[in-house]
Amino acid sequence: MPTEFEVLAKVPTGLFIGGSWVDGHGEGRIAVEDPATGKTLLEIANANAEDGLAALAAADAAQAKWGKTSPRERAEILRRTFELVRERSEEFAMLISLEMGKPIAEARGEVTYGNEFVRWFSEEAVRIGGRYGSLPEGHGRMLITKRPVGPAFAITPWNFPLAMATRKIGPAIAAGCTMVVKPAELTPLTTLLFVKTLEEAGLPAGVINVITTSTSAATSGPIISDARLRKITFTGSTQVGRQLLKQSADRILRTSMELGGNAPFLVFEDANLDAAVDGAMLAKLRNIGQACTAANRFIVHEKVADEFATKLAARMGALNLGRGIEAATTMGPVINEKARANMQRLVDTTVKEGGEIVTGGEYGAGDGYFFKPTVLANVRPGSTILGEEIFGPIAPIVRFKTESEAVALANDTEYGLVSYAFTEDFKRGMRLTESLETGMTGLNTGLVSNAAAPFGGVKESGMGREGGTEGIEEYLETKYVMIPATEAAD
Ligand code: NAD
């Protein structure tokens with residue numbers, strides 16, 4: 001494994017605009033912190049609105065030529081990038097763990113998962129289809145083709161620093177779109193290293209441009225209102241997504257929104273309880289609970305609720321809190337003090353509202369933002385915690401008696417990203433896949449994400465899909481050509 005200093009030395013610290021690494025014109029530099037120690041890892045360039053527009057100008061200038069490159073050429077750049085990231089997977093894993101805090105084993109998992117989007121879209125680039133057909137009346141033919149949408153703006157969150165970037169950059173490159181990428185200010189380093197890798201793989205100047213900024217709204221606003229931009233793709237909170245949709249409405253931009261979640265995790269009386277606990281560990285604690293797909297509400301049949309709580313608490317209570325890059329660590333810190341204080345507020349409020357702490361419920365030791373993995377039992381329906389996206393290592397358990405009560409509880413949210421259900425009854429499982437109002441369901445599993453599958457939500461969890469055969473469509477426009485039928489003159 002490389003040392004942390006070796007890895008940090010490889011990260012470019014500028015903005016990437018038109019194929020050059022340049023300094024920003026924003027105030028000062030951005031200090032990127034290690035959430036396990038509170039210390040600065042690196043200082044990087046800070047973009048202002050002028051830099052944002054320079055990045056858009058570079059994307060716009062590159063679009064016409066890039067849109068005409070052959071699909072095979074775009075595919076091969078992605079494939080070379082995939083190989084380079086694979087060769088450097090330990091460096092990427094170390095960097096993800098340093099800036100985001102997740103244990104190194106999980107960071108390795110993110111490298112594999114995130115890089116899979118690069119491979120998947122290298123394969124999709126050459127499969128952009130079209131169709132040809134006869135009009136029903138027979139007087140003409142229709143030719144339907146796909147074209148790149150045009151310059152896109154990608155805004156990503158801090159929780160999966162590689163995967164959230166590759167899910168957008170991969171399909172944009174494959175479809176022939178240029179892009180400005182704005183990673184989250186809390187974890188921008190992995191995106192910078194990834195884009196340097198794209199450059200090494202032969203990506204032409206201006207196709208992908210990166211701006212890092214401490215003034216997201218002020219730097220993004222002028223990009224979104226500029227006539228050269230054709231698309232915005234955002235992953236982050238519903239609150240910010242709503243704001244971006246309002247801004248996009250003025251220019252009728254194509255939009256893809258991957259927003260917040262409040263995933264229900266249902267455990268029926270006929271479930272394999274050990275499998276449900278394994279699934280819960282994954283669905284709750286992947287990324288220290290800071291995933292849009294994190295199980296937010298455990299809805300458990302009253303006959304098995306106590307046993308489930310005891311088993312889950314034993315597993316969660318045994319985790320080792322520490323710095324992600326240390327081998328003994330099985331659980332990292334949350335991202336910052338604000339997030340940690342929010343965990344304490346949620347626990348205290350739940351207890352006031354009648355819930356009980358089975359394990360955890362307080363800050364962990366050390367300089368980082370550690371919060372002990374927490375199980376809360378007998379949480380009352382209607383409790384505050386059930387209506388909020390927790391985004392941390394707290395598992396609230398609510399009891400139910402009947403399947404319809406469980407489904408009603410599960411659907412009682414404005415979110416609709418993912419749901420999980422554990423049951424050994426096949427017919428019930430099939431019913432649940434249809435009655436749970438979410439874009440994705442994990443049936444007897446706590447992990448659904450896969451580059452080959454369409455990831456996304458319904459209701460206020462967003463619109464559009466990333467990954468799968470649907471993922472590239474977000475970056476393509478449909479063009480229809482009408483050709484009148486003719487007859488030979490002879
Ligand atoms: P966030 O909404 O605070 O920030 C996301 C990004 O938007 C960051 O890059 C941030 O700098 C930027 N941003 C914030 N305000 C902005 C503005 N006014 N204009 C332009 N950009 C702005 O979210 P976060 O805290 O980084 O991430 C956590 C959220 O992301 C959670 O709600 C989580 O559920 C969601 N998320 C969703 C998915 C998904 O695929 N559905 C995946 C990961 C995370």
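Please refer to the structure higher up on the page.
A brief report on the enclosed structure follows. Please read these numbers as outputs of a predicted model, since none were measured by experiment. (Residues numbered from 1 in each chain as written. Predicted model: local features only at pLDDT ≥ 70, side-chain atom pairs only at ≥ 80, totals over all residues. Heavy atoms only, no water.)

Below, the discussion takes up the packing of aromatic side chains. Under the definition given, this model contains nine aromatic pairs. Here Trp-158 and Phe-391 contribute two aromatic rings whose centre-to-centre distance is 5.7 Å and whose plane-to-plane angle is 90°, an arrangement assigned as edge-to-face. One end of the pair, Trp-158, is in the loop between β7 (152-155) and α6 (163-175); the other, Phe-391, is in the loop between β15 (374-377) and β16 (394-400), and 233 residues separate them in sequence. Here the aromatic rings of Phe-265 and Phe-298 are separated by 4.9 Å at their centres, their planes lie at 45°, and the arrangement is tilted. Of this pair, Phe-265 sits in strand β12 (residues 263-267) while Phe-298 sits in strand β13 (residues 295-301); the two residues are 33 residues apart in sequence, bridging distant segments of the chain. Exposure class is identical for Phe-265 and Phe-298. Each is buried. One aromatic cluster is present, built from ring pairs that chain together Phe-265, Phe-298, Phe-308, Tyr-420 and Phe-422. Lying across the ring of Phe-455, Arg-167 places its NZ or CZ 4.1 Å from the centre. (Phe/Tyr/Trp six-rings, centres within 6.5 Å; stacked < 30°, edge-to-face > 60°. Helix = DSSP H or I, 4+ residues; strand = E, 2+ residues; numbered from the N terminus. Buried < 20%, exposed > 50% of the residue type's maximum accessible area, 1.4 Å probe, protein only. Lys NZ or Arg CZ within 6 Å of the ring centre and 35° of its normal.)

With that settled, the discussion passes to helix α14 (residues 426-435). Along α14, the residues classified as buried are Arg-428, Gly-429 and Leu-432. Viewed end-on, α14 has its buried residues packed into an arc of 100°, placing them on one side of the element. Across from the buried face of α14, at angles greater than 90 degrees, the exposed residues are Phe-426, Lys-427 and Glu-434. Two or three places before Lys-427, at the opening of α14, Asp-425 has a side-chain oxygen 3.0 Å from that residue's backbone nitrogen. (Arc of directions from axis to C-beta. Polar contact = N/O pair within 3.5 Å; in protein donor to acceptor, adjacent residues only side chain to side chain.)

On inspection of all chains with the given rule, the structure shows 30 salt bridges. As a salt-bridge pair, Arg-167 and Glu-466 come within 2.8 Å of each other at their nearest N and O atoms. You can see Arg-167 sitting in helix α6 and its partner Glu-466 sitting in the loop between β19 (462-463) and β20 (476-484), a full 299 residues away along the chain. The class of Glu-466 is buried, set by a relative accessible area of 4%. Arg-242 is paired through a salt bridge with Glu-460; the nearest N and O atoms lie 2.6 Å apart. With Arg-242 in helix α9 (residues 238-249) and Glu-460 in the loop between β18 (440-443) and β19, this pair connects stretches of sequence that are 218 residues apart. Residue classification places Arg-242 among the partly exposed residues on the basis of a relative accessible area of 38%. Of the residues examined, Glu-460 reaches a relative accessible area of 33% and is grouped as partly exposed. (Salt bridge = Lys/Arg side-chain N within 4 Å of Asp/Glu carboxyl O.)

Glancing now at the site of the ligand. Lining the immediate surroundings of the ligand are 30 residues, of which Thr-156, Glu-185, Ser-237, Leu-259 and Glu-389 lie closest. In the model, an oxygen atom of the ligand is placed 2.6 Å from a nitrogen or oxygen of the Ser-237 side chain. Contact between the ligand and Gln-243: a nitrogen atom at 3.4 Å from a side-chain N or O atom of the residue. In the complex, 88% of the free accessible area of the ligand, which totals 840 Å², lies under the protein chains. Among the detected pockets, the ligand sits in the largest pocket. Its residues assigned to classes, the shell around the ligand shows 15 nonpolar, ten polar and five charged. (Near = heavy atom within 4 Å. Areas by Shrake-Rupley, 256 points an atom, 1.4 Å probe, with all protein chains shown as cover. 1 Å grid on protein atoms, 1.4 Å probe; cavity = no way out; pocket = protein on both sides within 12 Å on 5 of 7 lines; lining within 4 Å. Sits in = over half its atoms within 2 Å of the grid points. Nonpolar A, V, L, I, M, F, W, Y, C, P; charged D, E, K, R; others polar.)

Ile-169, Leu-189, Ile-208, Phe-265 and Phe-308 are the most contacted members of the largest nonpolar core, which totals 103 residues. Summarising the domain contributions, this core has at least three residues from each of domain 1 (4-260 + 456-479) and domain 2 (263-412 + 418-443). With near-sequence residues (within four places) excluded, Phe-265 lies in contact with Ala-276, Gly-279, Ala-280, Ala-283, Ala-295, Arg-297, Phe-298, Ile-299, Phe-308, Tyr-420 and Phe-422. (Core = buried A, V, L, I, M, F, W, Y, C linked by side-chain atoms within 4.5 Å. Domains from an automatic or database assignment. Contact = heavy atoms within 4.5 Å.)

On to the packing of helix α2 (residues 49-67) against helix α8 (residues 216-224), then. Where α2 contacts α8, the axes come no closer than 8 Å and their chain directions differ by 40°. As summarised for this structure, α2 and α8 are arranged oblique, according to the angle between their axes. The element α2 and its partner α8 pack so that their crossing is right-handed. Residues Ala-49, Gly-52, Leu-53 and Leu-56 of α2 form the contact with α8, whose own contacting residues are Ala-218, Thr-219, Pro-222 and Ile-223. When its residues are assigned to classes, the contact of α2 with α8 shows six nonpolar, two polar and no charged. (Axes fitted to C-alpha atoms, helices over the stretch in contact; angles between N-to-C directions. Parallel < 35°, antiparallel > 145°, perpendicular 65-115°, else oblique. Left-handed = near helix turned anticlockwise from the far one by under 90°.)

Turning to the layout of surface pockets, a few remarks are in order. Volume-wise, the largest pocket comes out at about 1300 Å³. Of all the secondary-structure elements, those providing two or more residues to the lining of the largest pocket are α8, β10 (231-235), α9 and α12 (337-352). No other element matches α9, which puts seven residues into the lining of the largest pocket. The residue inventory of the lining of the largest pocket, partitioned by class, reads 18 nonpolar, 14 polar and nine charged. In this structure, the lining of the largest pocket is formed jointly by two domains, domain 1 (4-260 + 456-479) and domain 2 (263-412 + 418-443), each of which donates at least three residues. As a volume, the second largest pocket reaches approximately 380 Å³. Lining the second largest pocket we find 21 residues, and of these Ala-105, Glu-106, Leu-282, Leu-285 and Arg-286 sit closest to its centre. Only α5 (104-124) and α10 (273-285) provide two or more residues apiece to the lining of the second largest pocket. A total of six residues in the lining of the second largest pocket trace back to one element, the largest contributor, which is α5. (Points joined across faces, edges and corners; volume = space filled by probe spheres on them.)

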